[in-house]
Amino acid sequence: MVFLLTPGNIADISAAPSLLAAMPPARRLLADKGYDANSLRDALGAQGTEAVIPSTASRKRAIPYDVAAYRHRNMIERAFCSLKDYRRIATRYDKLARNFLSAVAIAAFIIWWT
């Protein structure tokens, strides 16, 4: 598991390359429309990872994706929902990034364990 804390005004897709570099290549990457970029798709293709990302409405030609695999993305959303059950994480009481990341890591471990 890899965590990366970014400022609130940074798009998630800008952190994706560094997160992917920190992890071993996966068979598939499930992501929402916010991650639909040719650069990310090319990087995933170079790793041999299948991009399961629906196309945005601004694409002239939609890129096909595995709809059956995309249905499993709800587990990712439920994991974030479970993290937000911890008040310390949902409201970000910690001023220091390292303390906040530690709280996220502990909560993620507890969620995984139970």
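Here, every reference points to the structure presented above.
Residues numbered from 1 in each chain as written. Predicted model: local features only at pLDDT ≥ 70, side-chain atom pairs only at ≥ 80, totals over all residues. Heavy atoms only, no water.

Asks: So what's going on with the overall build of the protein? Which residues, and what values?
Replies: When you go through the protein residue by residue, the secondary structure sums to six helices and two strands. Based on the C-alpha atoms only, the size of the protein along its principal axes is roughly 45 × 30 × 30 Å. Taken over 114 residues, the protein has a buried fraction of 22%. Contacts in the protein between residues far apart in sequence, at least 24 positions, make up 31% of those at least 6 positions apart. For the protein, the distance from the average site of its 16 positive side-chain charges to the average site of its 9 negative ones is 3 Å. (Helix = DSSP H or I, 4+ residues; strand = E, 2+ residues; numbered from the N terminus. Buried < 20%, exposed > 50% of the residue type's maximum accessible area, 1.4 Å probe, protein only. Contact = heavy atoms within 4.5 Å. Lys, Arg positive; Asp, Glu negative; His and termini not counted. Charge placed at Lys NZ, Arg CZ, Asp CG, Glu CD.)

Asks: Outline the pattern of salt bridges, supporting the account with residue identities and numerical values.
Replies: A full pass over the atoms with the stated rule returns seven salt bridges. The partner of Arg-28 in a salt bridge is Glu-50, and the shortest N-O contact between them spans 3.1 Å. One end of the pair, Arg-28, is in strand 1 (residues 28–30); the other, Glu-50, is in strand 2 (residues 50–52), with 22 residues separating them in the sequence. One salt bridge in this structure joins Arg-59 and Asp-36, with 2.9 Å as the shortest N-O distance. Of this pair, Arg-59 sits in the loop between strand 2 and helix 3 (67–70) while Asp-36 is found in the loop between strand 1 and helix 2 (38–47), placing the two residues 23 residues apart along the sequence. (Salt bridge = Lys/Arg side-chain N within 4 Å of Asp/Glu carboxyl O.)

Asks: Give a detailed account of unusual backbone geometry, specifying residues and quantitative values.
Replies: The phi dihedral of Arg-92 falls on the positive side, at around 50°, and the residue is not glycine. Positionally, Arg-92 belongs in the loop between helix 5 (87–90) and helix 6 (97–113). Arg-92 sits in the partly exposed class, given a relative accessible area of 35%.

Asks: Explain helix 2 residue by residue, including any values.
Replies: Buried within helix 2 we find Leu-40, Arg-41 and Leu-44. Take helix 2 and look down its axis: the buried residues cluster within an arc of 100°, on one side only. Facing away from the buried surface of helix 2 by more than 90 degrees, the exposed residues are Ser-39, Asp-42 and Ala-46. Just downstream of helix 2, Gly-48 is the residue with a positive phi angle, here 85°. (Arc of directions from axis to C-beta.)

Asks: A description of the environment of Pro-64 should follow, citing residues and the corresponding values.
Replies: Within the fold, Pro-64 resides in the loop between strand 2 and helix 3. A C-alpha to C-alpha distance of 7.4 Å links Pro-64 and Pro-54, two positions ten residues apart in sequence.

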